[in-house]
Amino acid sequence: MENALIPVAVFVAVYVALTFELINKAVAALLGVMILLVLRVVDEHQAVEFIDFETLMLLLGMMSIVAILRRSGFFTILSVKIAELTQGSPLKILVLFSIVTAVLSAFLDNVTTVLIIIPIIIELTSGMGLDPKLYVISQAVISNIGGTATLIGDPPNIIIGSKVGLTFNQFLLNLTLPVIVSFCAALVFVWAVNRQRFRPIDTNLAKLFSVQLLLEKIRQHFLDTRIDRLFLAKGLGCLALAILLFVTQTVTGLTPGVVALLVAMILFTITRVDVEQMLEEIEWSTLLFFAGLFILVGVLEEKGVIEWIARNVFLRVGDNPYVIILVVLWVSGIVSGFLDNIPFTITMIPIVNLMMQTHPIPNNILWWALSLGACLGGNFTMIGASANIVSIGMAKRYGQEISFLEFMKTSVLITLITLVIASGYLMLYLWFSL
Amino acid sequence: MKEKDRRILNKLIRDHEDVMGASRAAMLAIESFIRSIQQLRCSIDQVQELYLELAEAIKNTEPKVVPLIHLIEEFEKEIQPYFSEDIEQIRERAVELLTEKLDVLRTRVGQVIEKGLSFINKGDVILVHTASRDVINMLVMAREVFQKRFSVLVLKQDFVKTKQLIQALTQAGVDLTVIPEYNLSHCLDRANKLFIGAVSITRDHKVVTAIGTANIVGLCHLNRIPVYLFATTLKISHQDSGEHKIHTKVEPMNHDDCAYRLTTHSHDLLDLNLVDVLVTEDGAIDKEKIAGYVQQFTKPT
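Owing to the predicted nature of the structure, the values given are computational and were not obtained by experimental measurement.

Parameters and conventions
Each chain carries its own residue numbering, running from 1 in the written order of its sequence. Here chains are named by letter from A upward and ligands by number from 1 upward, in the order in which they appear as written. Local features in this predicted model are restricted to residues whose pLDDT is 70 or higher, and side-chain atom pairs enter the listing and the counts only when it is 80 or higher, whereas totals over whole chains, interfaces and linings include all residues. Going along the chain from the N terminus, every DSSP run of H or I of four or more residues is numbered as a helix, and every run of E of two or more is numbered as a strand. We compute the radius of gyration over the C-alpha atoms and compare it with the globule rule, which gives 2.2 Å times the number of residues raised to the power 0.38. Think of it as a crowd count around each C-beta: if 20 or more other C-beta atoms lie within 10 Å the residue is buried, if 12 or fewer it is exposed, and in between it is partly exposed, with C-beta placed from the backbone throughout. Contacts are defined on C-beta atoms placed from the backbone: any two residues whose C-beta positions lie within 7 Å are in contact. Where each domain begins and ends is defined by an automated method or by a domain database. The rule for pairing is simple: two strands pair if DSSP sees at least two bridges between them. Under this scheme, a helix contributes an axis fitted over its contacting stretch, all axes are lines through C-alpha atoms, and angles between N-to-C directions fall in the 0 to 180 degree range. The term nonpolar core means buried Ala, Val, Leu, Ile, Met, Phe, Trp, Tyr and Cys residues held together as one set by C-beta atoms within 7 Å. Charged means Asp, Glu, Lys or Arg here, nonpolar means Ala, Val, Leu, Ile, Met, Phe, Trp, Tyr, Cys or Pro, and polar covers whatever is left, Gly included. The span one expects for a helix is its residue count, reduced by one, times 1.5 Å. The predictor attaches a confidence to each residue, and that confidence, scored 0 to 100, is pLDDT. We call two directions roughly parallel when the angle between them is under 35 degrees, roughly antiparallel when it is over 145, roughly perpendicular when it lies between 65 and 115, and oblique otherwise. Each crossing gets its hand from how the near helix is turned against the far one by less than a right angle, where anticlockwise is left-handed and clockwise is right-handed.

Overview of the overall build of chain B
Okay, step 1: In terms of regular secondary structure, chain B is built from nine helices and 12 strands.
Okay, step 2: Taking 19 Å as the expected radius of gyration for a compact globule of 301 residues, we find that chain B reaches 20 Å, a close match to that expectation.
Okay, step 3: With the C-alpha coordinates aligned to their principal axes, the bounding extent of chain B is approximately 65 × 55 × 40 Å.
Okay, step 4: Per-residue burial over chain B gives 37% buried out of 301 residues.

This is the structure:
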């Protein structure tokens, strides 16, 4: 570990700035990079080489596709239809919206999903005199669980997939089962703890009547713009094409980043949207944040810091593969609940790589442990995942303040349950693989 | 019914009435009543109580939606003999009766639109303020079906409602100008009629209308612009304006360092004398005959 003091100090300072939100996350990461460049710890050409452009392409492509799809009105139609299907039954609201949230989160980013779902669910539940907070927290938590299932569902998976070279299908095949079980367990937990709040309303005529009026109000409020069917068809067609290309990645040889950006460009061309306007919807600060972090972690890796952490922390746990997997899963889970899981995942990738070299564990199980830990762990606290922060923010805008502890009262136990499920799954997977 | 549920129901009815007008809100309420009856699971002992409890709540919304009250009162009377039957028969009969009420309302609204079409002429410049869905449909039909060329001055007030009006008229190809309602004085020389709708016409000859209507009608009256009121006879109430429960909200406001309590009313009250032509399913009633016409629909005190 030569000349590692400066990069370590800069990295810690950036992490502190990110954790306490002292400055914008992109600025924090890039400021750290600039300090390293000015102090000649690394030169610009080397720094650029550390950036994983595959990840950035995938993120940029998916953000563009989602921006255009949002304009099509498809998601709004979908959520209004779901609201109609529930017919005001509190349990149906929880279950049906959770299914939609989980599925959307698996194929879109979680923040977009909660931005679509939360307003309607608040309108519906508060309009019925139910407490919307429980539903908001559930949807935030479910979006993080659903996003765990695919390569494109959650930023940690995007990073792991791109950096490690795991395919869309590998994520789907290996993570769908624990995600479905975790999803069901989370719903059962929410229902069991709040059973009184999910009583059916079909014995109360006045409530049934109010629900009908409310559903009409929601239809008018959310579907007041005309839907361009051709635009919608193009958007959905391209999303289907993207998923098809993700699934057939091993046949076509196209990486997820290339697929996402290719489909985004096709969409821009065929929908003839105002590109300048669409580009304003891209989260450029997130992309810059990723680029900065890749450089910071790249420098640490080059200076031998990552290897030192791996050898002195993670490899000290012994040779037992079961223990190694559990350590990666639970450390990722707990840390992701309190720190941003994006920098954590970027930091952990070289560490897990080293662990794999020292203790080869079959079927990429260690990567699945990192993915499950980083994604599910985000549910521990309201600052653990972007979807949580956005959901709480939206609820506040609708007059529903959710405190840190209020969120944790529901989320901590769900996170522990899902991490236990993930542990059981990974243990069994390893047992069958050995 | 719990007070909280009653408040929710009142607000929902008021919101719909505000956006669509009283007739459409009444139609929606009856459709909702039908759907809720179809979904209801209860014992035979509870059914009468539940039906009548909801009917009572619907009759006492703030403000009272008079066409709905008339139809629900009829329903209450007509359903009574069937409460001795089994639950499925009661359900079936209730749905039938409510569907009949819905048809009555639809027919009458259709008749008002039909009669109203004759008051839209070539070259008219019509002022429209917080129009109900029925008045919007009438304007659209005049342009699309009868190919009448006229202009509309839309008085922008509540955006949700104004947006619907603008979208519908633009799509129908109606020439329209949108002005804020407080700028009406600049356009009074262009307009030749004002179209308004109503929630109800009370026994003491007041019209319960959307907020802001009273000011506009007053200004038009002073400038001799004829005011056309479109309403079915179902909107004529048996009660005085004081009993119509116009919703009043008092809320604390705080702007910079100035704190005060703001009182707002959900609807305006307008003197029926300011209306020049009342258009109902019976046709147009001239100004001098309006009071007598309304009187025949109100019950004696």
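From this point, the discussion proceeds with the structure in view.
Looking at the overall build of chain A
Okay, step 1: Looking only at helices and strands, one finds 22 helices and zero strands in chain A.
Okay, step 2: Computed over the C-alpha atoms, the radius of gyration of chain A is 22 Å, within 12% of the 22 Å expected from 2.2 N^0.38 for a compact globule of 434 residues.
Okay, step 3: By its C-alpha atoms, chain A is 75 × 50 × 45 Å across when sized along the principal axes.
Okay, step 4: Each of the 434 residues in chain A was classed as buried or not, and the buried ones make up 51%.
Okay, step 5: Taking contacts inside chain A between residues at least 6 apart in sequence as the whole, the part at least 24 apart equals 82%.

A look at the domain arrangement of chain B
Residue and element names in this part refer to chain B.
Okay, step 1: The domains assigned to chain B are domain 1 (3–111) and domain 2 (114–295).
Okay, step 2: The straight-line distance from the C-alpha centre of domain 1 to that of domain 2 is 27 Å.
Okay, step 3: Domain 1 puts 21 residues into the contact, and the matching count from domain 2 is 24 residues.
Okay, step 4: Breaking the side of domain 1 that touches domain 2 down by element, the ones donating at least two residues are α1 (3–20), α2 (22–39), α4 (66–79) and α5 (87–117).

Structural notes on the sheet that holds strand β1 (residues 125–129) of chain B
All names here are of chain B.
Okay, step 1: Taking strand neighbours across the sheet as the criterion, the seven strands line up as β3-β2-β1-β4-β7-β11-β12 in an open arrangement whose pairing is mixed. Every other strand in the sheet has two partners, leaving β3 (175–180) and β12 (283–286) as the edge strands with one partner each. Each strand axis lies, on average, 25 degrees off the axis of its neighbour in the sheet, ignoring direction.
Okay, step 2: For strand β4 (residues 193–197) and strand β7 (residues 227–230), the ladder comprises four bridges, and the chain directions are parallel. What sits directly across from Phe195, in β7, is Tyr228.
Okay, step 3: Lying on the sheet, helix α8 (residues 213–222) is in contact with β1, β2 (151–156), β4 and β7; it crosses β4 at an angle near 155 degrees.
Okay, step 4: Against the sheet, helix α9 (residues 287–295) engages β11 (277–280) and β12, with an angle of about 105 degrees to β12.

Points about the pairing of β1(B)
Residues and elements named next belong to chain B.
Okay, step 1: With four of five residues buried, β1 lies mostly within the body of the structure.
Okay, step 2: Where β1 and β2 come together, five bridges link them in parallel fashion. Looking at β2, one finds that Val125 is bridged to Ser151.
Okay, step 3: Two elements, β1 and β4, share three bridges in a ladder whose sense is parallel. Directly across from Ile126, in β4, lies its bridge partner Lys193.

A word on the nonpolar core
Okay, step 1: If you look at the biggest cluster of nonpolar residues, it comprises 217 residues, and the most contacted ones within it are A:Ile65, A:Ile325, B:Leu194 and B:Leu229.
Okay, step 2: With 12 residues, the top contributor of residues to this core is helix α4 (residues 53–72) of chain A.
Okay, step 3: Each of domain 1 (3–111) and domain 2 (114–295) of chain B gives at least three residues to this core.
Okay, step 4: With residues up to four places along the chain from it excluded, the contact list for B:Leu194 reads B:Leu127, B:Ile216, B:Val217, B:Cys220, B:Ile225, B:Val227 and B:Tyr228.

Focus: the interface of chain B and chain A
Okay, step 1: Tallying the contact residues gives 24 residues for chain B and 16 residues for chain A.
Okay, step 2: Those elements that provide at least two residues to the side of chain B that touches chain A are α1, α2 and α3 (44–59) of chain B.
Okay, step 3: Here the side of chain B that touches chain A is built from residues that sort into 14 nonpolar, four polar and six charged.

Some words on helix α6 (residues 133–144) of chain B
An α-helical turn contains 3.6 residues, so any two residues separated by three or four positions project in the same direction.
Okay, step 1: Compared with the 16 Å implied by 1.5 Å per residue over 12 residues, the 16 Å span of α6(B) between its first and last C-alpha is a close match.
Okay, step 2: Listing the buried residues of α6(B) in full gives B:Arg133, B:Asp134, B:Val135, B:Ile136, B:Met138, B:Leu139 and B:Ala142.

Considering the environment of A:Gln212
Okay, step 1: Note that A:Gln212 resides in helix α11 (residues 205–222).
Okay, step 2: Those residues in contact with A:Gln212, other than ones at most four positions away along the chain, are B:Ser32, B:Arg35 and B:Ser36.

Notes on the confidence of the model for chain A
Okay, step 1: Looking at chain A, the pLDDT average stands at 89 and 98% of residues meet or exceed 70.
Okay, step 2: Looking across chain A, the model is least confident in helix α17 (residues 305–312) of chain A, with a mean pLDDT of 80, and most confident in helix α10 (residues 168–193) of chain A, with 96.

Comments concerning the confidence of the model for chain B
Okay, step 1: Scored by pLDDT, chain B has a mean of 89; 98% of the residues are at 70 or more.
Okay, step 2: The ipTM value of the predicted complex is 0.83, and its pTM value is 0.78.

Examining the sheet that holds strand β10 (residues 267–271) of chain B
Residue and element names in this part refer to chain B.
Okay, step 1: If you trace the three strands from one edge of the open sheet to the other, you get β5-β6-β10, paired in antiparallel fashion. Because the sheet does not close on itself, it has two edges, and the strands there are β5 (200–201) and β10.
Okay, step 2: Across five bridges, strand β6 (residues 206–210) lies against β10 in antiparallel orientation. Each residue of the ladder has a partner; that of Val207, found in β10, is Leu270.

Some points on the packing of α2(B) against α5(B)
All names here are of chain B.
Okay, step 1: Relative to each other, α2 and α5 sit at 165 degrees, their axes nearing to 10 Å. For the element pair α2 / α5, the angle class is roughly antiparallel. In the crossing of α2 with α5, the sense of the turn from one axis to the other is left-handed. For the pair formed by α2 and α5, the contact residues are Ser23, Ala26, Met27, Ile30, Glu31, Phe33, Ile34, Ile37 and Gln38 on the first element and Arg91, Ala94, Val95, Leu98, Thr99, Lys101, Leu102, Leu105, Arg106 and Val109 on the second.
Okay, step 2: Partitioned by chemical class, the residues of the contact of α2 with α5 number 12 nonpolar, three polar and four charged.

Things to note about the packing of α11(A) against α2(B)
Okay, step 1: Where α11(A) contacts α2(B), the two axes come as close as 8 Å, and the packing angle between them is 130 degrees. Here α2(B) runs oblique to α11(A), going by the angle between their axes. Between α11(A) and α2(B) lies a crossing whose hand is right-handed. In this structure, α11(A) uses A:Leu205, A:Leu208, A:Phe209, A:Gln212, A:Leu213 and A:Glu216 to contact α2(B), whose residues at the interface are B:Leu28, B:Ser32, B:Phe33, B:Arg35, B:Ser36 and B:Gln39.

Some details on unusual backbone geometry
Okay, step 1: Look at A:Asn364: it is not a glycine, yet its phi comes out positive at around 55 degrees.
Okay, step 2: Looking at the element boundaries, A:Asn364 is found in the loop between α19 (341–358) and α20 (365–377).
Okay, step 3: The class for A:Asn364 is partly exposed, based on 19 C-beta atoms found within 10 Å.
Okay, step 4: Non-glycine residue B:Arg224 carries a positive phi angle of around 60 degrees.
Okay, step 5: Looking at where B:Arg224 falls in the secondary structure, it is placed in the loop between α8 and β7.
Okay, step 6: Using a count of 8 C-beta atoms within 10 Å as the deciding quantity, one classes B:Arg224 as exposed.

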